[in-house]
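What the coordinates show
Here's the letter readout for the chains.
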Amino acid sequence: MGLLMKFRKSSETLYEDDFFENLRKREFSRLAKEKHVYLDYTGGNLYPESLVVKHFDYLKSNVFGNPHSMNPTSRLSTKYVESARKAVSKFFNASDYVVIFTANASGALHIVGENYPFEEDGFLMLSSDNHNSVNGIREYCKNKGGRFVYSPLNYEDLSLNEQFLNDALEKETSAKNKLFAYPAQSNVSGVRHPLDYIEKFQNAGWDVLLDAAAYVPTSQLDLSVYKPDFVSVSFYKIFGFPTGIGCLLVRKDKFSKLHKRWFAGGTVSLVSVNVDNHYLANNHERFENGTVNYLEIPAIERGLDFMEGIGMQRLNERVASLTAYLIDSLLNLKHQNGNELVRIFGPINRKDRGGNIILNLYNHTGAAHPFEEIEAMASSRMISLRGGCFCNPGIDEVNNCVSTDELARYYTSRDKGDYYDMIAFLGKMRGAIRLSVGLATTKADIDEFVKFASTLLDK
Ligand SMILES: Cc1ncc(COP(=O)(O)O)c(C=O)c1O
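Counting of residues starts from 1 at the beginning of each chain's written sequence and follows it residue by residue. In keeping with the predicted nature of the model, local features appear solely for residues at pLDDT of at least 70, side-chain atom pairs appear and are counted solely at 80 or more, and the whole-chain, interface and lining totals rest on all residues.

Concerning the domain arrangement of the protein
Domain segmentation is taken from an automatic or database assignment of domains. Along its sequence, the protein is organised into domain 1 (3-47 + 311-389 + 431-454) and domain 2 (66-308). Taking the mean C-alpha position of each, domain 1 and domain 2 sit 30 Å from one another. Each helix is a run of DSSP H or I of at least 4 residues and each strand a run of E of at least 2, with the numbering of both proceeding from the N terminus. Secondary structure elements with two or more residues in the side of domain 1 that touches domain 2: helix H13 (312-331) and strand E12 (356-361). In terms of residues, the side of domain 1 that touches domain 2 owes the most to one element, H13, which gives five residues.

Okay, here's the thing in structure tokens:
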């Protein structure tokens, strides 16, 4: 039984569903005008036309001033920013959380890195499947004298190695401030890592940072059920517009655990110049340095409304169905000698995966086509896909069997380097192709990619 058939049981034939076909025509007709085949939803979602139109009407018909004042234009801005904050809280069922607006998910992760008390006997465990904006937190940990470790992945399906996690829970009992950071969904393999780890680690005295940036665009995250201490999100990944806004959700009972080392405009309730003293604001303002993006934050509320109108469960099933159709179609492609054209890294037959997959394409002798070549060929057909390591070196090191020794030799042999220098040194291929489906994807997009891939058969 093909993967598609297995999915059909739960999601029927949603990959051909009229609701989404109509949505595509209504909100994303610009794709057809320029014959785009967009398969990079994990990079950034596409904005529905109505969202932009409504937002421009809103801007056109109101006068907004900088918040943090009591004048009428300032109060109007504050009103809509706070309304958007409430909408975020409602969307994630997050009444136990402080919602801090940031520039993006990286900005949210930066707040955790900068302010988590690693200096007080800190220990950071990162999954090897993390975006670099999570990986970078290890620098704060190191610089503050904390220790860090990576939890490995299973080669076969790129899931987290449960044995390692259980051992860490047993062994790492002494550190005072322990933080486990992992993604709800891999931005590369699409694996959805179990959210049950959150409670398991918290019960053993850990704090948990859940990077939800790749998960929330197509799945509901209910923070009254799963309660990580910190959650990072970028809104353009959910509904495409606006860019430049994300948020950090911090559990209210962990808010004071983040120790802010400085202050900026908007983050204090009082500060003096003649006396070296200041009081930090006691709410989200503490971490929103300077002026928030008050003209665009209100669009977040409309974006979330739009998503609720579609229904996250419906979208989730649609994406599952499209992904199964994509995987099934690709795995059917074989050279005449029986060799596979496509190899997918990570799971192909499990339900707990999202709509992004990584793969490489191989010629009939079994040699991989470099991802740059595929990306260039796809681009010439107006297909937007992504090639490389996707800011997630851990997965790439696993997929391409790059050993710790090899990496150590490379890094100790020079002061600077880049991707091309490294592959020359290792004599190994790195990188892959990522395809991701989402809100506006139709079956026709997938068929178009499969048609393109088929041109490489028997080559
Ligand atoms: C899982 C994950 N985390 C974090 C980020 C960083 O998001 P941003 O670039 O919006 O800060 C991304 C971006 O692709 C991501 O996919």
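A few points about the site of the ligand
Neighbouring the ligand are 13 residues; Asn104, Ser106, His131, Asn187 and Ser234 lie closest to it. Side-chain classes follow a simple rule in which Ala, Val, Leu, Ile, Met, Phe, Trp, Tyr, Cys and Pro form the nonpolar group, Asp, Glu, Lys and Arg form the charged group, and the remainder, Gly included, forms the polar group. Split into classes, the residues belonging to the shell around the ligand amount to four nonpolar, eight polar and one charged. All residues are tested the same way: a C-beta atom is placed from the backbone, and lying within 6 Å of a molecule or strand makes the residue near it.

Description of the sheet that holds E12
Working definition: the strands of a sheet are paired by backbone hydrogen bonds and lie parallel or antiparallel to each other. The four strands lie next to each other as E11-E12-E15-E14, forming an open sheet whose pairing is antiparallel. Every interior strand has two partners, whereas the edge strands, strand E11 (342-345) and strand E14 (386-388), have only one. The mean inter-strand angle of the sheet, taken between neighbouring strand axes irrespective of direction, is 35°. Of the pairings in the sheet, the one linking E11 to E12 comprises four bridges and is antiparallel in character. Paired with Ile344 across the two strands is Leu359, which belongs to E12. Strand pairing is defined by DSSP finding a minimum of two bridges between the two strands. Axes, fitted as lines to C-alpha atoms, cover a helix only where it is in contact. Angles between the N-to-C directions of the axes lie from 0 to 180 degrees.

Brief notes about the packing of helix H5 (residues 72-91) against helix H12 (residues 297-310)
In the contact formed by H5 and H12, the axes pass within 8 Å of each other and the chain directions differ by 35°. Seen from above, H5 lies across H12 with left-handed handedness. Here Tyr80, Val81, Ser83, Ala84, Ala87, Val88 and Phe91 of H5 come into contact with H12, specifically with Ile297, Pro298, Ile300, Glu301 and Leu304. A class-by-class count of the residues in the contact of H5 with H12 yields 10 nonpolar, one polar and one charged. Crossing handedness: left-handed means the near helix sits turned counterclockwise from the far one by under a right angle, and right-handed means the same turn made clockwise. Any two residues are considered in contact once their C-beta atoms, placed from the backbone, lie within 7 Å.

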